[in-house]
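# Observations on chain architecture
Chain residues, written in single-letter form:
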Amino acid sequence: MKLYSDQNWRVRLGVVKNLPELMSAVDEAQISGTLVPAYISWLKDSASEIRDSAAQALGRVVKDHKSLTDGIAKSASLAALATEGNYQFRKVWITCAVELMDKGAASCIPVLVPQLMKLSSDKVPNVRLAVVKALVRLATHFDANIIKKDIISPLVELSKDEDADVRFYAEEAVSNLKK
């Protein structure tokens, strides 16, 4: 943990990527009190590789410790990323939210989905595109009625987006989900 704030981003990345391997050796209190706050701080790192790895690692944490999912999902530090001025932080929030919903306890879905839907109208096309990809990934967890009601509708809206890439991927997602 002494290396988690090293000046060299490659050292920090090594810590972020390898720390989950040690989680079986520590108890849940240490994970929630030390490791989770470290991972949330890495979501704000200046290196995109570290941010993405931290989001994925939080997914691994909640996969093995589902009881931590709601606390992470409700974290004020995590929530702040969803409205951060820098679009890269909003994108990493989406990645983290999808990891939590995909691998964690289902109870976090009602906490995270409303903010995800708000980001579907973000001013930055890359953020809207990340929302499309998130909805496609999350659709694998829902039955056809929920997909029709809660997933396809926002994708149809995004298929009318001003950005060609967002439109393309949203149209493709709607087509695939209606099959």
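Residues numbered from 1 in each chain as written. Predicted model: local features only at pLDDT ≥ 70, side-chain atom pairs only at ≥ 80, totals over all residues. Heavy atoms only, no water.

The name an unreviewed UniProt entry gives the protein chain is TOG domain-containing protein, with Macrostomum lignano as the organism.

This paragraph deals with the overall build of the protein chain. Helix and strand content of the protein chain: 10 helices and zero strands. Scanning the protein chain from its N terminus toward the C terminus, one meets helices and strands in the order α-α-α-α-α-α-α-α-α-α. A globule of 179 residues ought to have a C-alpha radius of gyration of about 16 Å, and the protein chain, at 17 Å, matches this closely. Considering only C-alpha atoms, the protein chain reaches an extent of 50 × 30 × 25 Å along its principal axes. Looking at the 179 residues of the protein chain, the share that counts as buried comes to 45%. Considering only contacts in the protein chain between residues 6 or more positions apart, those separated by 24 or more positions represent 59%. Element-wise, carbon and sulfur atoms account for 51% of the exposed surface of the protein chain, whose accessible area totals about 9300 Å². Looking at the protein chain, you have 24 positive and 22 negative side-chain charges, and the mean spots of the two groups are 1 Å apart. (Helix = DSSP H or I, 4+ residues; strand = E, 2+ residues; numbered from the N terminus. Rg over C-alpha atoms; globule rule 2.2 N^0.38 Å. Buried < 20%, exposed > 50% of the residue type's maximum accessible area, 1.4 Å probe, protein only. Contact = heavy atoms within 4.5 Å. Areas by Shrake-Rupley, 256 points an atom, 1.4 Å probe, with all protein chains shown as cover. Lys, Arg positive; Asp, Glu negative; His and termini not counted. Charge placed at Lys NZ, Arg CZ, Asp CG, Glu CD.)

Taken as a whole and judged by the stated rule, the model has two aromatic pairs. Seen from their ring centres, Y39 and W42 are 4.9 Å apart, and the 75 degrees between their planes marks the pair as edge-to-face. Remark: W42 and Y39 occur in helix α2 (residues 28–42); sequence separation between them is three residues, near one turn of the helix. Accessibility assignment for this pair places Y39 and W42 in one class, buried. (Phe/Tyr/Trp six-rings, centres within 6.5 Å; stacked < 30°, edge-to-face > 60°.)

Moving on, we come to the layout of surface pockets. Volume-wise, the largest pocket comes out at about 350 Å³. Lining the largest pocket we find 16 residues, and of these D52, K91, I94, T95 and A130 sit closest to its centre. At the level of secondary structure, the elements contributing two or more residues to the lining of the largest pocket comprise α3 (48–64), α6 (87–103) and α8 (125–139). Sort the elements by how many residues they give to the lining of the largest pocket and α6 lands first, with seven residues. (1 Å grid on protein atoms, 1.4 Å probe; cavity = no way out; pocket = protein on both sides within 12 Å on 5 of 7 lines; lining within 4 Å. Points joined across faces, edges and corners; volume = space filled by probe spheres on them.)

Glancing now at the packing of helix α1 (residues 9–18) against α3. It is the contact of α1 with α3, at a shortest axis distance of 9 Å, that shows an interaxial angle of 10 degrees. On the basis of their axis angle, the class for α1 and α3 is roughly parallel. Each of W9, R12, L13, V16 and K17 in α1 lies in contact with α3, whose residues at this interface are E49, I50, S53, A54, A57 and R60. (Axes fitted to C-alpha atoms, helices over the stretch in contact; angles between N-to-C directions. Parallel < 35°, antiparallel > 145°, perpendicular 65-115°, else oblique.)

Turning our eyes to something else, we now look at the confidence of the model for the protein chain. Residues of the protein chain with pLDDT of at least 70 account for 97%, and the chain-wide mean is 90. No element of the protein chain has a lower mean pLDDT than α1, at 79, and none a higher one than α6, at 96. (pLDDT = per-residue confidence, 0-100.)

This brings us to the UniProt feature "repeat: HEAT" (unreviewed entry) in the protein chain. Cross-referencing UniProt, the feature "repeat: HEAT" (unreviewed entry) maps to residues 35–63, 112–150 and 151–179 in the present numbering. Measuring from the first to the last C-alpha atom of residues 35–63 gives 15 Å, for a span that is 83% helix and 0% strand. With 76% helix and 0% strand, residues 151–179 has end C-alpha atoms that lie 14 Å from one another. (UniProt positions renumbered as here; feature names shortened; annotations may be inferred.)

Inspection of every chain in the model, using the stated rule, returns seven salt bridges. K160 serves as the salt-bridge partner of E157, at 3.5 Å between the closest nitrogen and oxygen. In this structure K160 comes out as exposed when scored by relative accessible area, which is 59%. One salt-bridge network, held together by shared partners, links E99, D102, K103 and R137. (Salt bridge = Lys/Arg side-chain N within 4 Å of Asp/Glu carboxyl O.)

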